[in-house]
Amino acid sequence: MSLYLTWCGLAHLDWRTAADRLGTFILWLRHTPSDRGRPGASVVLAGPGADVVRGPRRINAVLAAVRGFLGFAVDQGEAPQDALRQL
C-alpha cells in the first residue's frame, strides 16, 4: 500500500481517483527502486534499457493490495464508486 500512496504523492495524484492511471503506476513499480520512492525522487525512471526492479509476481501482489484498499475505501465512503471501475 505504501508504494501506491508514495506514487500518488510523487505524481501529485489523489489516491481516491488515481486508479485510472494504474498503467503508469505499474510502469513506476517495474522500474523504480524502493529507495527512489522518497519525496524528490523521479516519478518514472523507465526508458530504453531500464532495469526491471520488480517482477510480475510482486507487481500483481501490490496491485491486489491496492484493489483491496480501494475496495475498502469505497465501502467506507472514503473513495468514489468510480475508483473500482478502473480496476
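Residues numbered from 1 in each chain as written. Predicted model: local features only at pLDDT ≥ 70, side-chain atom pairs only at ≥ 80, totals over all residues. Heavy atoms only, no water.

Visitor: Help me understand helix 3 (residues 56-75) in this model?
Guide: Quick reminder: α-helices carry 3.6 residues per turn. Residues three or four places apart thus point the same way. In this model helix 3 runs 28 Å from its N-terminal to its C-terminal C-alpha over 20 residues, within 8% of the 28 Å that 1.5 Å per residue would give. Buried within helix 3 are the following residues: Ile59, Val62, Leu63, Val66, Leu70, Gly71, Ala73 and Val74. For helix 3, the secondary structure elements touched by its buried residues are helix 1 (2-10), helix 2 (22-31) and helix 4 (82-85). In the stretch just after helix 3, Gly77 is the one whose phi turns positive, near 80 degrees. (Helix = DSSP H or I, 4+ residues; strand = E, 2+ residues; numbered from the N terminus. Expected span 1.5 Å × (residues − 1). Buried < 20%, exposed > 50% of the residue type's maximum accessible area, 1.4 Å probe, protein only. Contact = heavy atoms within 4.5 Å.)

Visitor: What am I meant to see in the packing of helix 2 against helix 3 here?
Guide: Describing two packed helices takes the angle between their axes plus the distance from one axis to the other. Contact geometry of helix 2 with helix 3 gives a least axis separation of 10 Å together with a crossing angle of 140 degrees. On the basis of their axis angle, the class for helix 2 and helix 3 is oblique. The handedness of the crossing between helix 2 and helix 3 comes out as right-handed. Residues Leu22, Phe25, Ile26, Leu29 and Arg30 of helix 2 lie in contact with helix 3, whose contacting residues are Ile59, Val62, Leu63 and Val66. Considering only residue class, the contact of helix 2 with helix 3 consists of eight nonpolar, no polar and one charged. (Axes fitted to C-alpha atoms, helices over the stretch in contact; angles between N-to-C directions. Parallel < 35°, antiparallel > 145°, perpendicular 65-115°, else oblique. Left-handed = near helix turned anticlockwise from the far one by under 90°. Nonpolar A, V, L, I, M, F, W, Y, C, P; charged D, E, K, R; others polar.)

Visitor: Can you help me understand helix 2 in this one?
Guide: The set of residues buried in helix 2 consists of Leu22, Phe25, Trp28, Leu29 and His31. On its buried side, helix 2 packs onto helix 1 and helix 3.

Visitor: What is the right way to look at the nonpolar core in this model?
Guide: One recurring pattern in soluble globular proteins: nonpolar side chains tend to sit buried together. If you look at the biggest cluster of nonpolar residues, it comprises 21 residues, and the most contacted ones within it are Tyr4, Trp7, Trp15, Phe25, Trp28 and Leu29. Elements with a minimum of two residues in this core: helix 1, helix 2 and helix 3. When residues of this core are assigned to their parent elements, the largest contribution, seven residues, is made by helix 3. If we ignore the near neighbours within four places in the chain, the residues touching Trp15 are Tyr4, Leu5, Cys8, Phe69, Leu70, Ala73, Glu78 and Ala79. (Core = buried A, V, L, I, M, F, W, Y, C linked by side-chain atoms within 4.5 Å.)

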